[in-house]
Amino acid sequence: MNPDLTPTIWILLEAVVKGAIVIGALLTGFAYSTWFERKVIARMQVRLGPNKAGPAGLLLPAADGLKLFFKENIIPRAVDKGIFFLAPLISMTVAVLAFAVIPVGDPTEVPWREGLLQLGIADFDVALLYLLGVTSFAVYGIALAGWASNNKFALIGGLRAGAQMISYELAMGLSILGVVMIVGSLSLHEIVVWQKAHVWLVLLQPLGFVIYVITAIAETNRAPFDMPEAEQELIAGYHTEYTGMRFALFFQAEYIAMLTVCALAAALFLGGYSLPGVELPWFGDLAVFLGKVIAGMFVFVWIRATMPRLRYDQLMDFGWKVLLPLSIINVVATAVGLALYQNGVFG
Amino acid sequence: MNPEMAFFYAVALLMIATAFGMVLARDMVHGVLFMVGNFVLTAVLYLLLNAPFIAAVQLIVYAGAIMVLFLFVVMLLGAQDLSLSEPAGGRRIIGVAAVLILGSLLTFVVKEGLPAGTAAGLAEERLPTLAAFGREGVEDPQSGAAFGSPQMVGEALYREPYHIVPFELVSLLLLVAMMGAVVIASFGKGGVAAAGPEQRPGEDSA
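What counts, and where the lines are drawn
Residues numbered from 1 in each chain as written. Chains lettered and ligands numbered in written order. Predicted model: local features only at pLDDT ≥ 70, side-chain atom pairs only at ≥ 80, totals over all residues. Heavy atoms only, no water. Helix = DSSP H or I, 4+ residues; strand = E, 2+ residues; numbered from the N terminus. Buried < 20%, exposed > 50% of the residue type's maximum accessible area, 1.4 Å probe, protein only. Contact = heavy atoms within 4.5 Å. Rg over C-alpha atoms; globule rule 2.2 N^0.38 Å. Areas by Shrake-Rupley, 256 points an atom, 1.4 Å probe, with all protein chains shown as cover. Lys, Arg positive; Asp, Glu negative; His and termini not counted. Charge placed at Lys NZ, Arg CZ, Asp CG, Glu CD. Phe/Tyr/Trp six-rings, centres within 6.5 Å; stacked < 30°, edge-to-face > 60°. Buried area = accessible area lost by both parts, 1.4 Å probe. Polar contact = N/O pair within 3.5 Å; in protein donor to acceptor, adjacent residues only side chain to side chain. Nonpolar A, V, L, I, M, F, W, Y, C, P; charged D, E, K, R; others polar. Patch = residues over 30% accessible without salt bridge, like charges linked within 9 Å, V, L, I, M, F, W, Y side chains within 5 Å. Salt bridge = Lys/Arg side-chain N within 4 Å of Asp/Glu carboxyl O. pLDDT = per-residue confidence, 0-100. Domains from an automatic or database assignment. Expected span 1.5 Å × (residues − 1). Bend = angle between axes of the 7 residues up to and from the residue.

1. Quick notes on the overall build of chain B
1) Next: Looking only at helices and strands, one finds nine helices and zero strands in chain B.
2) Next: For chain B, buried positions account for 27% of its 206 residues.
3) Next: Contacts in chain B between residues at least 24 apart in sequence constitute 49% of all its contacts with a sequence separation of at least 6.

What follows is the structure, given as structure tokens:
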């Protein structure tokens, strides 16, 4: 074998192993997000929630998984078969791919290689753009599922999801822009490092943070923005015709997307894996990161338990007439503030 | 053949395959999907050329946004059957001619380089030449930013007089086109003011 290639192969191997670990963690995270959501919602509604399968219902996700595995896989006659199979795969792939650039800890020394081991799969110049690019593909999975199902309700659900995701994507991208302008980098790791050295960006970008949180909920199609699957009017929206594991793929994609936007919120606005003023070892970083993601998931569930669903036209009005102008104002204000700061106006 | 070349040829072959798939697909939704695939592969090509920023923009703008609108139009109009009923006629000849002209121009540029004195030629003189593409650590002599990085693309776009004027003109053109689309969409419904509740912005763009 060509000796020059050996380090490359090791790097590739390392990436594959890290990828496998992250995918495993995401699937576990998905399973326990469903448990967590049921448990928290139940408490908010003064119920007990899952408590039969295992202690505190902890085995419920496993039971759900088994059930979905053994469900009959129904393929309606009128569907476009190729795309019907493809759509859940797109959703799932996109959800997992997006997590690749999330920083989960400072690079750390390891015995088996020279240099530092990057926690998290990848970190590069345009990581944030990569993330936005990959997540903008999520709409294909949903819109195609709706179309391929050849069912009115599914199609309407798919189209609604598409229109909603495109509308809120704009405001989301602009809300993040303030962070990028302040830090001067699109690398998520550098954004976290900047916050470690200075201050959590939520303090400098409060409006950006609020817009990000709202658009993140809309992008993941969660309540109160869960129009695409509004059960009273659309049965189950785009995944009406999906059963068994194919349905489970959409389900997984939705929860993994939630985990991703929580992790991104942490990285962009809440100091990522760091705590102010404390230097932690790598497992400390990981724990802080996890804690922030869980806190984010709690907010998701909290909002779902509190807010009624919006009407579709309200949702569109809100996205285009409130969030988008606000995020543009935020960008302009940040630019002006930065220019003043760099010219020493604030001392 | 080194691994990079092998990868390039694999991507290029796939791109040609998806391009044919797009043109030949009977179902327009399939055609749109082939086109999305083609755009994603284009992004991979940009990555091979050490232009990660352009690759990301290609994904976000073309594959992620514009093609979604294509998909919407095709889905909403149910245009799947149009492709067979419309005769191609003289457009076939025009198409072949366009392919030949573009192909010969590209061949010329690749063989001869860009003509000196034009905006593109000047940019090429200042930037590392085509021969330096694909090398690690190529830096812009003036700003020191890594080749293909967001900083460098931004500097080239906004600080170069050759680029800033066309760039701003194009954005103006897009704005005019957008306003035109709004005007067209609201005619026949009593003008812009009466577009009201049944004409939501999100549906406009779809």
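From this point, the narrative continues.
2. Here's the deal with the overall build of chain A
1) Next: Looking only at helices and strands, chain A features 13 helices and two strands.
2) Next: For chain A, whose C-alpha radius of gyration is 21 Å, the value lies close to the compact-globule estimate of 20 Å for 347 residues.
3) Next: Seen along its three principal axes, the alpha-carbon backbone of chain A occupies a region of about 65 × 55 × 45 Å.
4) Next: With 347 residues in all, chain A has 52% of them scored as buried.
5) Next: Taking the intrachain contacts of chain A between residues at least 6 apart in sequence as the baseline, contacts between residues at least 24 apart amount to 77%.
6) Next: Of the roughly 16100 Å² of accessible surface on chain A, a fraction of 71% belongs to carbon and sulfur atoms.
7) Next: A distance of 13 Å separates the average location of the 21 positive side-chain charges in chain A from that of its 24 negative side-chain charges.

3. Some remarks on the packing of aromatic side chains
Aromatic rings in a pair are described by how distant their centres are and how their planes are angled relative to each other.
1) Next: A full pass over the atoms with the stated rule returns 13 aromatic pairs over all chains.
2) Next: Ring geometry for Phe251(A) against Tyr255(A): centres 5.1 Å apart, planes inclined by 75°, an arrangement best described as edge-to-face. Of this pair, Phe251(A) and Tyr255(A) both sit in helix α11 (residues 244–269), four residues apart, roughly one helical turn.
3) Next: Look at Phe251(A) and you get partly exposed, because its relative accessible area is 25%.
4) Next: What makes Tyr255(A) buried here is its relative accessible area of 4%.
5) Next: An angle of 70° between the planes, with centres 5.3 Å apart, marks the rings of Phe8(B) and Tyr9(B) as edge-to-face.
6) Next: Judged by relative accessible area, Tyr9(B) falls into the partly exposed class, the value being 41%.
7) Next: Pairwise contacts between aromatic rings join Phe30(A), Phe247(A), Phe251(A) and Tyr255(A) into one cluster.

4. A few points about the interface of chain A and chain B
1) Next: Facing the 28 residues of chain A at the interface are 27 residues of chain B.
2) Next: Across the interface of chain A and chain B, roughly 2400 Å² is buried in total on both sides, 79% from carbon and sulfur atoms.
3) Next: Counting the surface chain A buries against chain B, the share from its top three residues, Tyr140(A), Trp147(A) and Leu159(A), is 25%.
4) Next: Summed over the shared surface of chain A and chain B, the number is two residue pairs in polar contact (both at pLDDT 80 or more).
5) Next: Residue assignment for the side of chain A that touches chain B shows that the elements contributing at least two residues are α3 (81–98), α4 (127–135), α5 (138–148), α6 (152–183) and α13 (312–342) of chain A.
6) Next: For the side of chain A that touches chain B, the residue count by class is 20 nonpolar, three polar and five charged.

5. A closer look at unusual backbone geometry
1) Next: For Val46(A), which is not a glycine, the phi torsion comes out positive at approximately 55°.
2) Next: Locating Val46(A) in the fold gives a position in the loop between α1 (5–44) and α2 (60–70).

6. Looking at a nonpolar patch on the surface
1) Next: Side chains of Leu13(B), Ile16(B), Phe20(B), Met22(B), Val23(B), Leu24(B) and Phe34(B) sit close together on the surface and give an oily, nonpolar patch of about 730 Å² of accessible area.
2) Next: Top contributing element to the nonpolar patch by residue count: helix α1 (residues 3–24) of chain B, with six residues.

7. Overview of the pattern of salt bridges
Pairing is possible between side chains of opposite charge, provided their charged atoms come close.
Residues and elements named next belong to chain A.
1) Next: A complete count under the given rule lists five salt bridges over all chains for this structure.
2) Next: Residue Asp-317 pairs with Lys-321 through a salt bridge whose shortest N-O separation is 3.4 Å. Taken together, the residues Asp-317 and Lys-321, both in helix α13 and four residues apart, mark about one turn of the helix.

8. Thoughts on the confidence of the model for chain A
1) Next: This prediction gives chain A a mean pLDDT of 83; 94% of its residues lie at or above 70.
2) Next: Least confident of the elements in chain A is helix α10 (residues 231–234) of chain A, whose mean pLDDT is 67; most confident is helix α9 (residues 206–219) of chain A, at 89.

9. What about the environment of Leu86(A)?
1) Next: Mapped onto the secondary structure, Leu86(A) falls in helix α3.
2) Next: Sequence separation between Leu86(A) and Ala148(A) is 62 residues; the distance between their C-alpha atoms is 9.5 Å.

10. Points about the domain arrangement of chain B
Residue and element names in this part refer to chain B.
1) Next: Considered domain by domain, chain B is made up of domain 1 (1–83) and domain 2 (143–187).
2) Next: Across the domain 1 to domain 2 interface the summed buried area is about 340 Å²; carbon plus sulfur atoms make up 75%.
3) Next: On inspection of domain 1 and its partner domain 2, the count reaches zero salt bridges.
4) Next: The tally of links between domain 1 and domain 2 comes to zero residue pairs in polar contact (both at pLDDT 80 or more).
5) Next: Residue composition of the side of domain 1 that touches domain 2, by class: five nonpolar, one polar and no charged.

11. Overview of α13(A)
Residue and element names in this part refer to chain A.
1) Next: Given a rise of 1.5 Å per residue, 31 residues ought to cover 45 Å, and the 43 Å separating the end C-alpha atoms of α13 matches this to within 8%.
2) Next: Of all the bends in α13, the largest measures some 30° and sits at Phe-318.
3) Next: For α13, every residue scored as buried is listed here: Tyr-312, Leu-315, Met-316, Gly-319, Leu-323, Leu-324, Ser-327, Asn-330, Val-331, Thr-334 and Leu-338.
4) Next: Positioned one or two residues after α13, Gly-344 has a phi angle of 75°, which is positive.

12. Here we look at the confidence of the model for chain B
Residue and element names in this part refer to chain B.
1) Next: Confidence in the prediction for chain B averages 74 pLDDT; 67% of positions are at 70 or higher.
2) Next: Low pLDDT, under 50, characterises residues 191–206; the predicted model gives this stretch 18 contacts beyond four residues in sequence or across chains.
3) Next: Scored by ipTM, the complex comes to 0.80, with pTM at 0.80.

13. Considering the environment of Leu119(A)
All names here are of chain A.
1) Next: Structurally, Leu-119 is set in the loop between β2 (116–117) and α4.
2) Next: The exposure class assigned to Leu-119 is buried, which follows from its relative accessible area of 14%.
3) Next: Separated by 17 residues in sequence, Leu-119 and Ile-102 have C-alpha atoms that sit 9.1 Å apart.

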